[in-house]
Every structure is written in structure tokens, then in C-alpha cells.
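Each chain is listed here by its residues.
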Amino acid sequence: MTVTTTTLAERLTDLADLTPLTETTRSPDPAAVYERLRARWGNVAPVLLEGDVRAWLVLGHRELATLLRNESLYSRDSRNWSLVAAGGLDPGSGVGAVLAPRDSVYYVDGTRHRHLRRLVDDAFEGFDERRLAVTVRQWCESTLDRVAAKGEADLVSEYAWAVPLLAMSTMFGLDPQEARAMLGHARRIFRAQGAEGAEALTAQKRLIVDLVARRRERPSDDMTSAILRHPSQPSDEDVQSAVSTMLVLGSEFEVAWITQALRMRLTDPRFDGRSGGMLSASDTLEAVLGSIPPASNTGPRYAMADTMLGGRRIAAGDALVPGILGASAESRGAAGDDLWLEPGNLAYLTWGAGPHACPVRRPARVIAQVAVEVALRRLGGVTLTVPLDSLPVTGTLWSSMPWQLPVRFEVPR
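This report concerns the structure included in the present document. Because the structure is predicted, anything quoted here is derived from the model rather than measured. Note on numbering: residues in each chain are counted from 1, in written sequence order. Given that this is a predicted model, residues contribute local features only at a pLDDT of at least 70 and side-chain atom pairs are listed and counted only at 80 or more, while totals for whole chains, interfaces and linings are drawn from all residues. Hydrogen atoms and water are omitted, and side-chain values are computed over all heavy atoms in the structure.

1. Regarding unusual backbone geometry
- Phi angles above zero are rare outside glycine, and glutamine 233 is one such case at about 55°.
- Looking at the element boundaries, glutamine 233 is found in the loop between helix H13 (223–228) and helix H14 (236–267). The way it works is that DSSP assigns letters per residue, a run of H or I at least four long becomes a helix, a run of E at least two long becomes a strand, and they are numbered from the N terminus.

2. Overview of the nonpolar core
- Take the buried residues of types Ala, Val, Leu, Ile, Met, Phe, Trp, Tyr and Cys, join any two whose side-chain atoms come within 4.5 Å, and each joined set is a nonpolar core. Only protein chains enter the accessibility calculation, which uses a 1.4 Å probe; a residue is then buried when its area is under 20% of its type maximum, exposed when over 50%, and partly exposed in between. In this structure, Phe124, Tyr159, Phe172, Ile227 and Met246 are the most contacted members of the largest nonpolar core, which totals 78 residues.
- Here, residues are in contact when the closest pair of their heavy atoms is within 4.5 Å. With near-sequence residues (within four places) excluded, phenylalanine 124 lies in contact with Met171, Phe172, Met223, Met246, Pro359, Val360, Arg362 and Pro363.

3. Here's the deal with the environment of valine 84
- Here valine 84 is to be found in helix H5 (residues 82–85).
- Exposure remark for valine 84: the relative accessible area of 22% places this residue in the partly exposed category.
- Sequence separation of valine 84 and glycine 96 is 12 residues, and the distance between their C-alpha atoms is 9.4 Å.

4. Observations concerning the sheet that holds strand S1 (residues 19–20)
- Paired strands, in this sense, are two strands between which DSSP finds at least two bridges. Read across the sheet, six strands follow the order S1-S2-S3-S9-S6-S4 without closing on themselves; strand pairing throughout is mixed. A strand with exactly one partner marks an edge of an open sheet, and here the two such strands are S1 and strand S4 (74–75).
- Two strands pair when backbone bridges link them, and strand S6 (residues 301–303) and strand S9 (residues 319–322) are joined in this way by two bridges, in the antiparallel orientation. Of the residues in S9, the one forming a bridge with arginine 301 is leucine 320.
- Running over the sheet, helix H3 (residues 30–41) touches S1, strand S2 (44–50) and strand S3 (53–58) and is turned about 125° from S2.
- Each axis is a line fitted through C-alpha atoms, and for a helix only the stretch in contact is used; angles between axes span 0 to 180 degrees, taken between their N-to-C directions. Of the strands in this sheet, S2, S3, S4, S6 and S9 are in contact with helix H4 (residues 61–69), which crosses S9 at around 115°.

5. Points about the sheet that holds strand S10 (residues 383–384)
- Read across the open sheet, the three strands follow the order S5-S13-S10; overall the sheet is antiparallel. The open sheet has two free edges, formed respectively by strand S5 (152–154) and S10, since each of these has just one partner strand.
- Relative to strand S13 (residues 406–408), S5 runs antiparallel, the two sharing three bridges. Each bridged residue has a counterpart across the sheet, and for glutamate 152 the counterpart in S13 is arginine 408.

6. Concerning helix H7 (residues 110–125)
- Over its 16 residues, H7 extends 22 Å from the first C-alpha to the last, a length consistent with the 22 Å expected when each residue adds 1.5 Å.
- Buried within H7 are the following residues: Gly110, His113, His115, Leu116, Arg117, Leu119, Val120, Ala123 and Phe124. Expected helix span is taken as 1.5 Å per residue step, with the number of steps being one fewer than the number of residues.

7. Section: the environment of threonine 383
- Relative to the assigned elements, threonine 383 resides in strand S10.
- Taking the C-alpha atoms as reference, threonine 383 lies 5.5 Å from arginine 408; in sequence the two are 25 residues apart.
- Other than its neighbours up to four places away in sequence, threonine 383 contacts Pro406, Val407 and Arg408.

8. Section: the packing of aromatic side chains
- Planes of paired rings set the category: under 30 degrees apart is stacked, over 60 is edge-to-face and the rest tilted, where pairs are Phe, Tyr or Trp rings (Trp by its six-membered ring) whose centres lie within 6.5 Å. For the structure shown, the criterion picks out four aromatic pairs.
- Centroid distance tyrosine 106 to tyrosine 107: 5.2 Å. Interplanar angle 85°. Geometry classified as edge-to-face.
- Take tyrosine 107: its relative accessible area is 5%, and that puts it in the buried class.
- In this analysis the charged atom, NZ for Lys or CZ for Arg, is taken to sit over a ring once it is within 6 Å of the ring centre and within 35 degrees of the ring normal. Between the NZ or CZ atom of arginine 102 and the centre of the ring of tyrosine 107, over which it lies, the distance is 4.6 Å.

9. Notes on the pairing of S3
- Across the six residues of S3, six count as buried, placing the element largely inside the fold.
- Residues Val53, Ala55 and Leu57 point to one face of S3 and Arg54, Trp56 and Val58 to the other, with burial holding for every one of them.
- As judged from the six bridges shared by S2 and S3, these two strands associate in the antiparallel manner. Pairing of valine 47 across the sheet is with alanine 55, part of S3.
- In this antiparallel pair of consecutive strands, S2 and S3, the connection spans two residues, and glycine 51 shows a positive phi of 55°.
- Alignment of S3 against S9, held across three bridges, turns out to be parallel. Bridge pairing in S9 links leucine 57 to valine 321.

In C-alpha cells form, the structure reads like this:
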């Protein structure tokens, strides 16, 4: 079916008031932004990724499921994006740094994706959750030891940012010094623009290249060695791709998940007095997934042919961003403000669907649950030291969370 042959930019040249996608992650009320977009455009809305770079934001549950599950029509490979095909993507821009084509399980489709994904899935098939929990707990305890004597901390910069990447780095075989270096590079990548971010990305890649070479020569019992032992005999480049995807791409969302869970426990009155006491860390994390998912939006898909979605004419080469929070808000509409009465809770879509569904759901849950449990146990009488509405919100195109959670707590005597 031929729908149109014009580009998205050409079809929207008369729409000078398109909403930047960052409004969905940087607004104090991101759900309201999604609803405003839905009210004006329907379940598939035009937005700006950066500057004049246009894309569609998919806001409806039905449309989102279609987008994520249909790899033959909606590709994850940005080489199928009209902007890339025309040479118009600036590699030095924020969007260019994230969405430029690359050989990674997160960025390719078809046979190549299935091969790389099999390496990851098979390695995690037998991973030891108890061992990971012990590792996470050790990093949590040592991280909190650093702030315990002060009686105050920023739970984002001093805790939520550190624990996931330190734990995952250890799991894949980096020693403590290398794990902390990986953490530093990740912070620079997510906070920096231009040359500094590129330098951090290069340094991070060097750590992974060295790790794979070391484990190729001296295997151990870590996840990198498990991938190297795969029966398909993966190349070093295959293993580097698998390791970097899990270490780097997952860290931003894990940090946001832990941060939003801690924020919810500190500020949301709905967590007081239910069933005679506070909800568990696991309950809190599930509530976050259903109401303020760490991945507000996820990486775009690119239309392989002219088609229709949500009543919109989509042309081959258009970019479509999965709006996870927007689709979740659509499902919640009739339930009001009660997290526990939401119909059709879409928490599962945070993990994606179809071929590119998250491959590290199990370890992600272990890390987040232990991190929240240890923080709540160690930081007795913890209270936020600033008004909730004064918390600065940070947002990339994909995630949203408070940039700080400054707290005061009782110091054990």
C-alpha cells in the first residue's frame, strides 16, 4: 500500500509549534504533556527529537504493541531512517551520538540481532541470582558506608548512580577499580555533550575491549567468560557488543528506576499505612513501572514501508518513538489516582516487547530490589531535606528522574 512518498519533515514544514520530546521527560508533570499531545494529535503525535529533527511519538497501547512486535515493518536499525540515508544526521549532536548506526544487539535486526541476542540470553539462562544479590548488597553497603558518618546524602549522585553499574561491572568481570572507572565514564556520557561525551564513550569502549581480550586469554566464572564460551564461537567484536549493551544502555534506566522508587517512598502518602505498614521494596518498584516508568520513551523504530498507524500516514524511513509512559497513562485514565486500581497496567511494556524486549529483566530486578531494600534499612528515619516541588528534574530523550534526592537520616550510635 502506497501512502505517501514525502519525508516527515516535508509533510510537517507548516507546523512550527511541534513539541520537543524532552518535554515528556523534563516537565514536572510529564503525564500532562503526553495527554496534551494525545488531545491534539491522537495516539500518534509528531514531535521534535532535536532542533528540526522530526519523529512520531506513539502514545496508544494498541499502536505501541504493534510498533514493538512487528520487526519486519518497524526496524530498530537506524540505517533505515530517512535522515541517516540522506546523510543528514549530525554525529556530533546528542541525537546523532545515540541513534547513529552501530553493530549492537540493541541497534540491529534480523539474523545479526538474533545471533547477538542468543549470546546474551544463553549467558543469562544460568546466572546466579543469589550471587548477584550478594554482590549488589556489598556495593550498597560500601557505598552507604561512605556517607553514614555525615548523617546526610544525595541518594542520586551518591547511591542510585553508583550501585547498578558497579554491580553489573563486577558481574561481567571488571575489578573494583575498573568498575569505578566505568561508573565515571557513564556519568560523563550521560551528562556531557560533544567532545567530552565522545571521549568518555571511547574510554568506556577501551575498558570493554581490554576485558574481553583478558577473558579470552584467562577465562573466569563471570558473564563475559560465559559469553566467550558460547557454542557459536563468537568473535571478540560480538562479545564486546553484548557486554557493552548490557553495561552501558541498561544503566540509565536502572538508575532512574531506583531513584524513582526512593523518591516515591520518601514523598508519596499512598505508601503510608497500607496493610498495617509500608509496602515492600518490590511493591514500590512495581508501582514505579506502572506509573512513572524509568524508560518514559525508548529507542525509535524506523518504518520499512509506507503504512498507517493510529490514523496517521507513516512513510518509509520515518522514525517512531515508543512512548511508554504515554501509553501507560492511556490505560490508567479511568482509574483516577490509585496506583493499585489501574486497569490494564502497562508495566510490562517498560521491558519492551517483541524481538528487542529487554534481555536483562531478571538481573535488573535483583539489583533494583536490593538497592532499595538496603537504602531503606540503613538510612533510618530518612527524610527529604528540600520541598518536593523544588527537586530539579533531569531528562534525556528517554528517561526522567530527580537529579537530586538530598536526605537527612539517623546515624546509628
